[in-house]
Amino acid sequence: MSIETIEVRKLTPVIGAEIHGVDLSKGLSNQQFDDIHRALMENLVIFFRDQRLSIDQQKDFGRRFGKLHIHPAAPKGLEEHPEILVIKADDKSKRVAGEEWHSDVSCDREPPMGSILHLTTVPPDGGGDTVFANMYRAYETLSEPMRRMLEGLTAIHDGEHVFRGRYGIKDEGKVFPRSEHPVIRTHPVTGKQLLFVNRGFTTRIVQLTRHESTAMLEMLYRHIETPELHCRFKWQANSIAFWDNRCVQHHALWDYYPARRYGHRVTICGDKPY
Ligand SMILES: O=C(O)CCC(=O)C(=O)O
């Protein structure tokens, strides 16, 4: 079956494609939805250019793929839009979202299926690229003995060290999500296996001793950082990146201080990893 309603231009053979020929501010036909979904499954992260979307239009686009997720820790960024996560950096920022390799909110019992980030302001002199990594390929490029060893292990994904104190709001007494997920998970749509630990949230492989777990996770995090697993997206104002959070990790580069970068993310609910 060919992709009929959109043009798909791959960024690399491994991960990432730009999608052309669709205006996301208009409702999608069922065929357009199917084609975009298929492009996402095949390329893991897809990018759109020159999309002038209102917040409601961005939410409508996200809702075609599932229920919208509300972040467990971030303060309400926009009145009346709790589903919007504001992504913002400027000369007052002390940190920015996504400086560490991660998949979004993997500490949730049911981590998000995907995220759709729309940037409206980008740094004037470049910078602020986002790098994405293919976790199927990360799994497949481990040696056979290593894959066998990881099979059946589970790991703790903790929001505490990531979110506590992060947003400058009072969070005493707040309990952040913490969940145990398989180290190797199966993608619910493609049925393929992939590596599901990330430097941002994963703190411990349950069945190993602490020393073993630390060494194993560090080896896996280094492996995930292999450039051949990646694509790197250069943003323009009104670009969108839509990543399948189940099989992609990402890392946002903050190389543009003190310039401003601004946008909105909607996040789509997912299901319990198995
Ligand atoms: O700013 C970006 O490019 C990505 C930010 C990030 O890591 C996220 O939204 O999870």
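Residues numbered from 1 in each chain as written. Predicted model: local features only at pLDDT ≥ 70, side-chain atom pairs only at ≥ 80, totals over all residues. Heavy atoms only, no water.

Undergrad: How should unusual backbone geometry be read in this particular structure?
TA: A negative phi holds for most residues other than glycine; trans holds for most peptide bonds. For the peptide bond that leads from Tyr257 to Pro258, omega is 5 degrees, which places it in the cis range. With respect to the helices, strands and loops of the structure, Pro258 is situated in the loop between strand E14 (248–252) and strand E15 (261–268). In this model, Leu44 sits at a positive phi of 75 degrees, which is unusual for a non-glycine residue. In this fold, Leu44 is placed in the loop between helix H1 (30–43) and strand E3 (45–48). With relative accessibility at 3%, the residue Leu44 sits in the buried group. (Helix = DSSP H or I, 4+ residues; strand = E, 2+ residues; numbered from the N terminus. Buried < 20%, exposed > 50% of the residue type's maximum accessible area, 1.4 Å probe, protein only.)

Undergrad: Any chance you could explain the site of the ligand here in plain terms?
TA: Every residue near the ligand is listed here: Ile87, Ala97, Gly98, His102, Asp104, Leu117, Thr130, Trp243, His250, Ala252, Arg261 and Arg265. At 2.7 Å, a side-chain N or O of Arg261 approaches an oxygen atom of the ligand. Between the ligand and Arg265 there is a distance of 2.8 Å, counted from an oxygen atom to a side-chain nitrogen or oxygen. Protein chains shield 98% of the accessible area of the ligand, which is 290 Å² for the free molecule. Cavity membership is defined here by more than half of the atoms lying within 2 Å of grid points; on that basis the ligand lies in the largest pocket. Sorting the residues of the shell around the ligand by element identifies E14 and E15 as the ones contributing at least two each. For the shell around the ligand, a count of residues per class yields five nonpolar, four polar and three charged. (Near = heavy atom within 4 Å. Polar contact = N/O pair within 3.5 Å; in protein donor to acceptor, adjacent residues only side chain to side chain. Areas by Shrake-Rupley, 256 points an atom, 1.4 Å probe, with all protein chains shown as cover. 1 Å grid on protein atoms, 1.4 Å probe; cavity = no way out; pocket = protein on both sides within 12 Å on 5 of 7 lines; lining within 4 Å. Sits in = over half its atoms within 2 Å of the grid points. Nonpolar A, V, L, I, M, F, W, Y, C, P; charged D, E, K, R; others polar.)

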